[in-house]
Amino acid sequence: MTDGVKADEGPGGGVGAGGGVAAGLSAAEVAERVGRGEVNDVPVRSSRSLTEIVRANVFTRFNAIIGVLWLIMLAVAPFQDSLFGYVIVANTAIGIFQEWRAKRTLDSLAVISEAKPTVRRDGRSREISASELVLGDLVEIGPGDKIPVDGEVAEAESLEIDESLLTGEADPVVKHPGDPVMSGSFVVAGGGAFTATKVGREAYAARLAEEASRFTLVSSELRSGISTILKYVTWAMVPAAIGLVVSQLVVEENSFKDAVARTVGGIVPMVPEGLVLLTSVAFAIGVIRLGRKQCLVQELPAIEGLARVDTVCLDKTGTLTEGGMDVSRLTPLGTYDEERAATVLGALGASDPRPNASLQAVIDAYPDTSGWRVEQAQPFSSARKYSGAVFAGHGGWLLGAPDVLLPAGHPALAETEELNRQGLRVLLLAKASEGAAPDAQGAADGADPAALVVLEQRLRPDAAETLRYFEEQHVAAKVISGDNAVAVGAVAAKLGLPGADSAVDARELPKDPAELASAIEEHTVFGRVTPQQKREMVAALQSRGHTVAMTGDGVNDVLALKDAEIGVSMGSGSEATRAVAQIVLLNNSFATLPSVVAEGRRVIGNITRVATLFLIKTVYSVLLAILVVCSQVEYPFLPRHLTLLSTLTIGVPAFFLALAPNKERARPHFVRRVMRYAIPCGVVAGAATFLAYLIARAHYSGHGALDAETSVATLTLFLISLWVLAIVARPYTWWRILLVVAMGLGFLLVLTVPWLQKFFALKLVGTTMPWTGVLIAVIASVVLEFVWRWAGRRFPSEPAAQTPARKRKLARRGGATRAGSRKAGRAEEARKAGKDA
């Protein structure tokens, strides 16, 4: 594999620059190369292996802390004080199981969406799996195909390849026989074949493809926010834990076992270990739910990202309309008749081995009966807006957009515009000027119009409902198409999209980035948009602070898909679009997008809820430890008490809340939104509980006083925590009310059943102190209500100081940063690619 092969090497090694059509490798040559290990056997995984899943869920910082404390408690304390360890084991097992289910879902969907390259072997073309490619294989390529391995061009017919994924340059590169091609690039026009010179781990695609569909849990505001919170928690936990250890072992001079138990009881609740677990579970279940709807999430944060989107850019063809088209009529122009036009259309259709949807409709309507010999062919290019061919004895012919092939003011343009207003697509058949090659610059100059080909597109039945959903969710929809602006506007109007009546021709858009951004914000429908313009329009929206999702299925959408925060590709789209998209709709249904948005909102909204529960516990645990150290008293709780409290007010409720329906619109600043509630509420809960504990210490005396004091403190903290749960569970539904009530009844059961009282060491003594604890909890709950509302006003999700002008300034800065990061990333990829080559 190290030496590669040349394009003209050996009987099956392809063709040289001047050779004819090659037969490709023979079956014997393929077997020989497989035997030598010269096969493209790099495993492309859509997810982590089971071993990696187990390692990621088991070997965490907090599991290590809890594990050590658990072993200590097993050695020195009763079984019930070690319950927290078994809870962690159960939670970790749930996390592993859910992610393993998500892995199976992703793996099965990845197999469905895997592209199969076409190779020529023994003179015949056939599709094979990318892993079956061998060194020296002759791989056929056409528009939309991604180059699966490194190679050298053997055949080229107006072959243009986009290498922007490697070099960052958006302009396609014309390839000739003998030129190198790099894996990871893709064909935008023309066709041909190349000989594989690097396969397996030596090809650049080995890294690119694996990264494109990896199950990731990074690069999301939610997960990075949780990591930031956990970092701060660790810093706060260490000194508090050290102080607690010293106070319980030295200052109070307790028995060793009791001191250790109460020390561990103070440290364990500081660890919000379930927060990371529930986040992973929520994401994993999101993947499973979407997988059932034939939606492949290639990067897990894409679920979250699409929920944060406020602008969706839609390509008309394949998104709002179905791929198929029909020729509704043929209108001859000038001296040409319908029979002559039909003959030419049939010949043009036969000249393109890889027709697009429009040309396929022409082929279906007008089969080739001419027998004309093709001297030169030019496939359709979205940049040129036309295709063409030169036929021996019949001259050159062009087929494409009338407003590109005809001069301004031509009478046929008026008819074209009227047809476009009806939502019809119109192509112009024109006779090229004598001697003009279809691929030459200005080939359309002086073309003689021969006929108008009127095509009718099929609207997706679910498109209108999906657009209404986005409008209701305050997500702006922008239709960005390469078709005629009037035609695009007519289709959008049929679907009820607001602003469809003022479609804009992208050729008239301003070049200045600020003016372009204003124009895009003001309008909804854009036609005649080039691939580069789509990219610029996405960047313009990002410069105004918008979070942009781009949907598409064609090669002309790839650049914009790559630059948008979230790229969504149709499963039937080109391999290139599927490679760069974060989400692939395998059922080709635009109507699946609302499900993805809803799933993202469910994850973000619910994790924000449960994060507040977990971190309030962490805050009051740290505060209690500090107060105990300063007061030099016994820690009020044993591990069993806090296990009971955590289970009833956090663990069980958080599981249900994390997986519940949630349609809240995703908002930014996750850390600020969580901590603005967690810190003040945690302080209130900790202070009120410690106050109840101190009053109980003054009230009780004699044998069993510490157990009575602990019971009062536990009752107080439970009631406060239950009220926090009641606040977090809003807005109420029947099952949320039932959840809060059930947790309260669970605690009441512990207080009333004798063997549970003994198991959890909880027994309320007398009536004065228990009712005092209840009164303190009620007062604290009233304060919590006030604090909750105050925190929401005092620390809003978005600082009030961010005026619209300030937001635009920050957005421009953010857009520049994103653009710089993308440019730097592409440059680094190009550097590595060059090194590998």
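On a predicted model such as this, the values are computed, not experimentally measured, just so you know.

Peer 1: I'd love a proper account of the overall build of the chain, names of residues and values included.
Peer 2: Helix and strand counts for the chain stand at 28 helices and 21 strands. Counting over 837 residues, the chain shows a buried share of 58%. Partitioning the intrachain contacts of the chain with sequence separation of at least 6 by distance along the chain shows that 74% fall at a separation of at least 24.

Peer 1: Can you explain the nonpolar core? Please cite residues and give values.
Peer 2: With 136 residues, the main nonpolar core has Leu 306, Ile 583, Phe 590, Val 610 and Phe 747 as its most contacted residues. Broken down by element, this core gets its largest block of residues, 16 residues, from helix 21 (residues 593–631).

Peer 1: Describe unusual backbone geometry, listing the residues and the values that go with them.
Peer 2: Between Arg 730 and the following residue, Pro 731, the backbone shows a cis peptide bond with an omega angle of -5 degrees. Within the secondary structure, Pro 731 sits in the loop between helix 24 (705–728) and helix 25 (734–752). In this structure, Asp 122 is a non-glycine residue whose phi angle is positive, near 55 degrees. In this fold, Asp 122 is placed in the loop between strand 1 (118–121) and strand 2 (124–127). Of note in the backbone geometry, Ala 761 takes a positive phi value of approximately 55 degrees without being a glycine. Topologically, Ala 761 is positioned in the loop between helix 26 (754–760) and helix 27 (768–794).

Peer 1: Mind laying out helix 25, listing which residues take part and the relevant values?
Peer 2: The terminal C-alpha atoms of helix 25, which comprises 19 residues, lie 27 Å apart, in line with the 27 Å expected from a rise of 1.5 Å per residue. What helix 25 keeps buried is the set Arg 736, Leu 739, Val 740, Met 743, Gly 744, Phe 747, Val 750 and Leu 751. For helix 25, the angular spread of buried residues about the axis comes to 125 degrees, placing them on one side. Of the exposed residues in helix 25, those oriented more than 90 degrees away from the buried face are Trp 734 and Leu 745. Residues of helix 25 that are buried make contact with helix 21, helix 22 (639–658), helix 24 and helix 26.

Peer 1: Go over the confidence of the model for the chain with me, naming the residues and quoting the values.
Peer 2: Averaged over all residues, the pLDDT of the chain is 78; the fraction at 70 or higher stands at 83%. Summarising per-element confidence for the chain, the mean pLDDT is lowest in helix 28 (residues 804–836) (42) and highest in helix 25 (93). With pLDDT under 50 throughout, residues 1–20 is counted as low confidence; its partners more than four residues away or in other chains account for 47 contacts. Low pLDDT, under 50, characterises residues 208–219; the predicted model gives this stretch 35 contacts beyond four residues in sequence or across chains.

Peer 1: Lay out the pattern of salt bridges in plain terms, naming residues and giving numbers.
Peer 2: Taken as a whole and judged by the stated rule, the model has 17 salt bridges. A salt bridge links Arg 120 to Glu 140, with the shortest nitrogen-to-oxygen separation between them at 2.9 Å. Of this pair, Arg 120 sits in strand 1 while Glu 140 sits in strand 3 (residues 138–141), placing them 20 residues apart in sequence. For Arg 120, a relative accessible area of 8% corresponds to the buried category. In this structure Glu 140 comes out as buried when scored by relative accessible area, which is 17%. The shortest N-O distance in the salt bridge between Asp 403 and Arg 528 comes to 2.9 Å.

Peer 1: So what about the side chain of Thr 612? Which residues, and what values?
Peer 2: Positionally, Thr 612 belongs in helix 21. Within polar-contact distance, the side chain of Thr 612 engages the backbone oxygen of Thr 608 at 2.9 Å. Sequence-distant contacts of Thr 612, that is, excluding residues within four places in its chain, are made with Val 674, Tyr 677, Ala 678, Val 728 and Trp 788.

Peer 1: Please set out the packing of helix 24 against helix 25 residue by residue, giving values where relevant.
Peer 2: Two numbers describe how helix 24 lies on helix 25: the axes approach to 10 Å, and their chain directions differ by 170 degrees. As far as their axial angle goes, helix 25 and helix 24 are roughly antiparallel. Contacts from Thr 714, Leu 715, Phe 718, Leu 722, Leu 725 and Ala 726 of helix 24 reach helix 25 at Val 740, Met 743, Gly 744, Phe 747 and Leu 751. Tallied by class, residues from the contact of helix 24 with helix 25 come to nine nonpolar, two polar and no charged.

Peer 1: I'd like a rundown of a nonpolar patch on the surface, residues and numbers included.
Peer 2: A cluster of nonpolar side chains, Tyr 732, Ile 737, Val 741, Leu 745 and Leu 748, forms an exposed patch at the surface whose accessible area comes to about 460 Å². Relative to the helices and strands, Leu 748 resides in helix 25. Among the residues examined, Leu 748 registers a relative accessible area of 46% and is labelled partly exposed.

Peer 1: Please give an account of the pairing of strand 1 that cites residues and values.
Peer 2: With burial as the criterion, each face of strand 1 is covered, one bearing Thr 118 and Arg 120 and the other bearing Val 119 and Arg 121. In terms of strand pairing, strand 1 meets strand 3 through three bridges, oriented antiparallel. Opposite Thr 118, over in strand 3, you have Glu 140 as the bridge partner. Of the pairings in the sheet, the one linking strand 1 to strand 2 comprises four bridges and is antiparallel in character. Within strand 2, the residue paired with Arg 121 across the bridge is Arg 124.

Peer 1: Describe the side chain of Gln 757, naming the residues involved and giving the relevant values.
Peer 2: Mapped onto the fold, Gln 757 is located in helix 26. Under the relative-accessibility criterion, Gln 757 is labelled buried at 19%. Among all residues touching Gln 757, those that are not within four sequence positions of it are Val 750, Leu 751, Thr 752, Leu 762 and Lys 763.

Reading guide: rules and limits
Residues numbered from 1 in each chain as written. Predicted model: local features only at pLDDT ≥ 70, side-chain atom pairs only at ≥ 80, totals over all residues. Heavy atoms only, no water. Helix = DSSP H or I, 4+ residues; strand = E, 2+ residues; numbered from the N terminus. Buried < 20%, exposed > 50% of the residue type's maximum accessible area, 1.4 Å probe, protein only. Contact = heavy atoms within 4.5 Å. Core = buried A, V, L, I, M, F, W, Y, C linked by side-chain atoms within 4.5 Å. Expected span 1.5 Å × (residues − 1). Arc of directions from axis to C-beta. pLDDT = per-residue confidence, 0-100. Salt bridge = Lys/Arg side-chain N within 4 Å of Asp/Glu carboxyl O. Polar contact = N/O pair within 3.5 Å; in protein donor to acceptor, adjacent residues only side chain to side chain. Axes fitted to C-alpha atoms, helices over the stretch in contact; angles between N-to-C directions. Parallel < 35°, antiparallel > 145°, perpendicular 65-115°, else oblique. Nonpolar A, V, L, I, M, F, W, Y, C, P; charged D, E, K, R; others polar. Patch = residues over 30% accessible without salt bridge, like charges linked within 9 Å, V, L, I, M, F, W, Y side chains within 5 Å. Areas by Shrake-Rupley, 256 points an atom, 1.4 Å probe, with all protein chains shown as cover. Pairing = 2+ DSSP bridges.

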